[in-house]
Amino acid sequence: MTRVVIQPSYGNRDAWRHWADTLDQEVPFTTAPRQLALTTADMAALMDFHPGGSARFWGATGNHDARMATLEEGDVILFTGKKIVRAIGEVGYSFRNSAFANTLWDPHEERGSYQNVYSLIAFQRTEIPYEEIWDLPGFNPGDNFMGLRFLDQAKSDTILQGLAIDTLTAAAQQVTQESRLTAALSGETAQFLDVEAVNTTHTSYTRPAGITLVHRAEALLVSRYRSELAPDETARRISTRAGITDLYVTGPAGPEIIEAKRAAGHQFVRQALGQLLDYVIHAPEPVTRLSALFPAPPSPADIALLNRYGIDCIHQAPDGAFIRDAATDDQRQRMKAVWG
């Protein structure tokens with residue numbers, strides 16, 4: 001299971017320098033002195049994850065040895081500072097090597113070498129305010145995430161879903177699983193299945209250039225819509241057995257669940273439809289309205305599809321205003337029997 005680690009990384013002069021040295025740019029590790037500091041096993045593993053011979057790196061000092069020993073390929077790092085998540089990364093190879101660490105960063109004057117080193121197989125700069133995390137179920141407003149923090153699995157899952165984070169490792173695992181199934185269904189040899197079963201997914205899938213780790217369009221659309229709510233409406237996110245809602249709005253008309261999508265094509269309409277019908281049966285109280293939110297109008301046929309299931313379609317007009325294509329009262333009342 002993918003875990004999330006909150007890593008303060010921009011709070012002092014040393015952190016700024018480390019960021020500039022090993023996060024703003026990839027660092028070559030196949031030339032002296034770094035090459036000489038790596039064991040044969042470490043070099044082989046790094047080359048497996050980073051065939052080009054360079055990578056972004058971060059590290060932690062020896063007082064974090066026990067926790068850092070549990071860091072695994074595919075874990076997600078939130079690099080925080082100045083009350084924002086400044087970047088999100090995915091762990092590649094994690095190892096302990098003070099000699100190598102000292103070629104990247106000068107040792108801390110009190111805590112020594114940043115010997116718990118990890119490379120990143122994906123890295124994306126972001127500007128996610130802490131408020132977006134505080135808004136997620138299980139997190140506390142005002143928490144400034146001081147100190148290195150390994151989240152438990154429940155909170156990790158909340159972050160991954162709530163911030164819409166995709167990982168290279170999960171994608172690789174899906175490719176491997178599909179390959180196994182394809183082989184089995186097509187009657188290919190057992191030898192092929194044995195090869196596919198080898199747990200080296202990081203070598204079987206390469207993230208194409210431009211693919212993002214965290215999807216921000218939906219969060220920004222929700223933020224914009226939320227700012228337009230009436231004074232007597234309040235919005236939050238709730239956790240259900242089906243997942244975390246994008247918005248749960250309460251007001252004079254009763255509770256409304258809103259699911260946002262980053263595009264208005266048919267596939268996104270279908271996704272919103274399915275998620276809303278899943279959320280509503282797990283809501284903590286009877287819901288009066290379901291709505292799908294898009295950055296542009298879906299096709300008339302797709303709006304009609306949503307309305308047929310009693311779901312409103314909200315979309316942003318070119319001038320920035322939000323337009324609601326509402327289901328009729330008859331459509332909504334007919335579907336409430338299904339929702340409940």
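Computed from a prediction, not measured in an experiment: that's the story for all the values here.

1. Details of the overall build of the chain
- Broken down by element type, the chain carries 13 helices and 15 strands.
- Each principal axis of the C-alpha atoms in the chain carries an extent, and together these give about 75 × 55 × 35 Å.
- Scored against the burial criterion, the 340 residues of the chain give a buried share of 47%.
- Of all intrachain contacts in the chain linking residues separated by at least 6 positions in sequence, the fraction that spans at least 24 positions is 66%.
- By element, 51% of the accessible surface of the chain is carried by carbon and sulfur atoms, the whole surface being about 16,800 Å².
- In the chain, 31 positive and 41 negative side-chain charges are present, and the distance between their average locations comes to 3 Å.

2. Focus on the side chain of H215
- Mapped onto the elements of the fold, H215 is located in the loop between α9 (190-197) and α10 (217-226).
- Within the structure, the side chain of H215 is placed 2.7 Å from the side chain of D166, a separation counted as a polar contact.
- Ignoring sequence-local partners within four residues, the contact set of H215 consists of L163, A164, D166 and R262.

3. Focus: the pattern of salt bridges
- Enumeration over the complete set of coordinates arrives at 15 salt bridges.
- For the salt bridge of D14 with R17, the shortest nitrogen-to-oxygen distance reads 2.5 Å. Of this pair, D14 and R17 both sit in helix α1 (residues 13-22), three residues apart, which is roughly one turn of that helix.
- Given a relative accessible area of 39%, R17 falls into the partly exposed group.
- Of the charged contacts, one joins D312 and R332 as a salt bridge, the two residues approaching to 2.5 Å between their closest N and O atoms.

4. Looking at the nonpolar core
- L78, I88, I133, I159 and I165 are the most contacted members of the largest nonpolar core, which has 22 residues in total.
- At the level of elements, β1 (4-8), β4 (76-81), β5 (84-96), β6 (116-129), α6 (130-134) and α7 (153-162) are the ones that each hand at least two residues to this core.
- Leave out the neighbours within four places in its chain, and I88 touches V76, I77, L78, A122, F123, Q124, T126, I128, I165, L213 and V214.

5. Considerations on the sheet that holds β5
- Strands sit in the order β2-β3-β6-β5-β4-β1-β7 across an open sheet of seven strands; the sheet is mixed. Strands at the two margins of the open sheet, each flanked by one partner only, are β2 (27-28) and β7 (149-150).
- Where strand β3 (residues 54-60) and β6 come together, five bridges link them in antiparallel fashion. Bridge pairing links A60 to N116 in β6.
- Helix-sheet contacts for α1 involve β2, β3, β4, β5 and β6, and the interaxial angle to β3 is about 160 degrees.

6. Digging into the confidence of the model for the chain
- With 91% of its residues at a pLDDT of at least 70, the chain reaches an overall mean of 89.
- Looking at the elements of the chain, mean pLDDT is at its lowest for α9, recorded as 41, and at its highest for helix α12 (residues 300-308), recorded as 98.

7. As for the packing of aromatic side chains
- Under the definition given, this model contains 15 aromatic pairs.
- Each member of the aromatic cluster is reached from another via a ring pair, and the members are Y10, W16, W19, W58, F79 and F123.
- In this structure, R86 packs its charged tip against the face of Y10, placed 3.5 Å from the ring centre.

Reading the values: rules and limits
Residues numbered from 1 in each chain as written. Predicted model: local features only at pLDDT ≥ 70, side-chain atom pairs only at ≥ 80, totals over all residues. Heavy atoms only, no water. Helix = DSSP H or I, 4+ residues; strand = E, 2+ residues; numbered from the N terminus. Buried < 20%, exposed > 50% of the residue type's maximum accessible area, 1.4 Å probe, protein only. Contact = heavy atoms within 4.5 Å. Areas by Shrake-Rupley, 256 points an atom, 1.4 Å probe, with all protein chains shown as cover. Lys, Arg positive; Asp, Glu negative; His and termini not counted. Charge placed at Lys NZ, Arg CZ, Asp CG, Glu CD. Polar contact = N/O pair within 3.5 Å; in protein donor to acceptor, adjacent residues only side chain to side chain. Salt bridge = Lys/Arg side-chain N within 4 Å of Asp/Glu carboxyl O. Core = buried A, V, L, I, M, F, W, Y, C linked by side-chain atoms within 4.5 Å. Pairing = 2+ DSSP bridges. Axes fitted to C-alpha atoms, helices over the stretch in contact; angles between N-to-C directions. pLDDT = per-residue confidence, 0-100. Phe/Tyr/Trp six-rings, centres within 6.5 Å; stacked < 30°, edge-to-face > 60°. Lys NZ or Arg CZ within 6 Å of the ring centre and 35° of its normal.

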